[in-house]
Amino acid sequence: MRIEEAPRRRRLVSLTPLIDVVFILLIFFMLASTFVEWQAFGVDAPAEGAAEQERDQEPLRLYVTVEGYRMDDESVAEEALRGRLEEAYAADAERRLLVIAAEGAPVRAVIRALDGAAAAGLEDVAVLREEESG
Amino acid sequence: MKLPQPPRREPEENVIPMINIVFLLLIFFMVAGTLEPDSPLSVDPADSEQGAELVDEPLRVLIDAEGQLAIDQDVVDDREQLRARLKAALEEAPERPVEVKADAEADSARLLDVMDDLHEAGAERMQLVTRREH
């Protein structure tokens, strides 16, 4: 008896168009997706002077100027800022911090101050303009 | 003369490992990356170590390095327009969170201007966006 040879299996659908489409999708996602992680600081937008009245304790004032940071009338180096804020937190964890930004100071410096305050544990933070603080 | 038949071409055979890898890459970029909406201004926020998660579907205010403002997808010419837009948006949804993305080099006075406008429009809190530092 003569048995017919089994036909060689062939792929019914060509893979090439699939590869084309997958490549295009890959290139799209490579170009369009970003891997930047965003985060944010919650900041009060206080009414002028209103937030300060009911507090009996004097808030801690951190001045952000074009030259650098100032606290209690002495300038604070950027590296020392974190230590100073940690000291303030150790003395009184509930203390309010006012970050007072001068005109011309970049947002970067304000964010560094907020970052230091958050790292030290201070939670009650407001950002103010220079003349509002009195 | 009897010529040997040319061997059958089977190009699909060695393509499969490549497809596997391309699929893996595609899935990686789809899952790990995030697609971001097109931004009307080019804004490069500062880095920070600390910070909270971003909120969903906020009202977005952008401040670029030159101090130009934008809200959601539209560039606004001045603070007057920004205030009007903010007021309209917050009247529609008073509880909508507000996210401010300011360039690291922008003047902090500009940020404070925006915060005043936010306050006037009725937003008590806002989120200041930063990039996560590793």
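Residues numbered from 1 in each chain as written. Chains lettered and ligands numbered in written order. Predicted model: local features only at pLDDT ≥ 70, side-chain atom pairs only at ≥ 80, totals over all residues. Heavy atoms only, no water.

**Quick look at the overall build of chain A**
(1) Moving on: Each helix and strand counted, chain A has three helices and seven strands in total.
(2) Moving on: Going from the N terminus to the C terminus, chain A shows its helices and strands as α-β-β-β-β-β-α-β-α-β.
(3) Moving on: Here chain A holds 134 residues, and the buried ones make up 39% of them.
(4) Moving on: Carbon and sulfur atoms form 52% of the exposed surface of chain A, whose accessible area is close to 8400 Å². (Helix = DSSP H or I, 4+ residues; strand = E, 2+ residues; numbered from the N terminus. Buried < 20%, exposed > 50% of the residue type's maximum accessible area, 1.4 Å probe, protein only. Areas by Shrake-Rupley, 256 points an atom, 1.4 Å probe, with all protein chains shown as cover.)

**Details of the nonpolar core**
(1) Moving on: Judged by nonpolar contacts, the single largest core of 51 residues is most densely connected at Leu97, Val99 and Leu114 of chain A together with Val98 and Val100 of chain B.
(2) Moving on: By residue number, the principal contributor to this core is helix α3 (residues 107–120) of chain A, which donates eight residues.
(3) Moving on: Apart from the residues lying within four places of it in its own chain, the contact partners of Leu97 of chain A are Leu60, Leu62, Leu85, Ala117, Leu122, Asp124, Val125 and Ala126 of chain A. (Core = buried A, V, L, I, M, F, W, Y, C linked by side-chain atoms within 4.5 Å. Contact = heavy atoms within 4.5 Å.)

**Considerations on the interface of chain A and chain B**
(1) Moving on: Contact with chain A, which involves 46 residues of that partner, is made by 54 residues of chain B.
(2) Moving on: Interface area, chain A with chain B, both sides summed: about 4900 Å², of which 61% is carbon and sulfur.
(3) Moving on: Salt-bridge contacts for Arg129 of chain A lead to Asp116 of chain B; the nearest nitrogen and oxygen are separated by 2.8 Å.
(4) Moving on: At the boundary of chain A and chain B, one finds 22 residue pairs in polar contact (both at pLDDT 80 or more). (Buried area = accessible area lost by both parts, 1.4 Å probe. Salt bridge = Lys/Arg side-chain N within 4 Å of Asp/Glu carboxyl O. Polar contact = N/O pair within 3.5 Å; in protein donor to acceptor, adjacent residues only side chain to side chain.)

**As for the pattern of salt bridges**
(1) Moving on: Within the structure shown, the criterion is met by 17 salt bridges over all chains.
(2) Moving on: Among the ionic pairs, Arg129 of chain A bridges to Asp113 of chain B, the shortest N-O distance being 3.0 Å. Placement of Arg129 of chain A in strand β7 (residues 125–129) and of Asp113 of chain B in helix α3 (residues 108–121) is noted, with the two residues assigned to different chains. In terms of burial, Arg129 of chain A and Asp113 of chain B fall into one category: buried.

**Some thoughts on helix α2 (residues 78–91) of chain A**
Residue and element names in this part refer to chain A.
(1) Moving on: Counted at 1.5 Å a residue, the expected span for α2 with its 14 residues is 20 Å, and the 21 Å between its end C-alpha atoms agrees.
(2) Moving on: All of the buried residues in α2 are Leu81, Leu85 and Ala88. All buried residues of α2 fall inside an arc of 60° around its axis, so they share one side. Those residues of α2 that are exposed and aimed more than 90 degrees away from the buried face are Glu79, Glu87, Ala90 and Ala91. (Expected span 1.5 Å × (residues − 1). Arc of directions from axis to C-beta.)

**Remarks on the side chain of Glu99 of chain B**
(1) Moving on: Tracing the sequence through the fold places Glu99 of chain B in strand β6 (residues 98–102).
(2) Moving on: Excluding its chain neighbours within four sequence positions, the residues that come into contact with Glu99 of chain B are Leu54, Pro58, Leu59, Arg60, Val61, Gln127 and Val129 of chain B.

**Concerning a nonpolar patch on the surface**
(1) Moving on: A cluster of nonpolar side chains, namely Leu18 of chain A together with Phe23, Ile27, Met30 and Val31 of chain B, defines an oily patch on the protein surface of about 460 Å² accessible area.
(2) Moving on: Here the nonpolar patch gets four residues from one element, more than from any other, and that element is helix α1 (residues 16–32) of chain B.
(3) Moving on: Within the secondary structure, Val31 of chain B is located in helix α1.
(4) Moving on: The exposure class assigned to Val31 of chain B is exposed, which follows from its relative accessible area of 66%. (Patch = residues over 30% accessible without salt bridge, like charges linked within 9 Å, V, L, I, M, F, W, Y side chains within 5 Å.)

**Quick look at the packing of helix α2 (residues 79–92) of chain B against α3 of chain B**
Residues and elements named next belong to chain B.
(1) Moving on: In the contact formed by α2 and α3, the axes pass within 9 Å of each other and the chain directions differ by 40°. The pairing of α2 with α3 is recorded here as oblique in orientation. α2 and α3 meet at a crossing whose hand is right-handed. Residues Arg79, Leu82, Arg83, Leu86, Lys87 and Leu90 of α2 pack against Arg110, Asp113, Val114, Asp116, Asp117, Leu118, Glu120 and Ala121 of α3.
(2) Moving on: Residue classes in the contact of α2 with α3 are distributed as six nonpolar, no polar and eight charged. (Axes fitted to C-alpha atoms, helices over the stretch in contact; angles between N-to-C directions. Parallel < 35°, antiparallel > 145°, perpendicular 65-115°, else oblique. Left-handed = near helix turned anticlockwise from the far one by under 90°. Nonpolar A, V, L, I, M, F, W, Y, C, P; charged D, E, K, R; others polar.)

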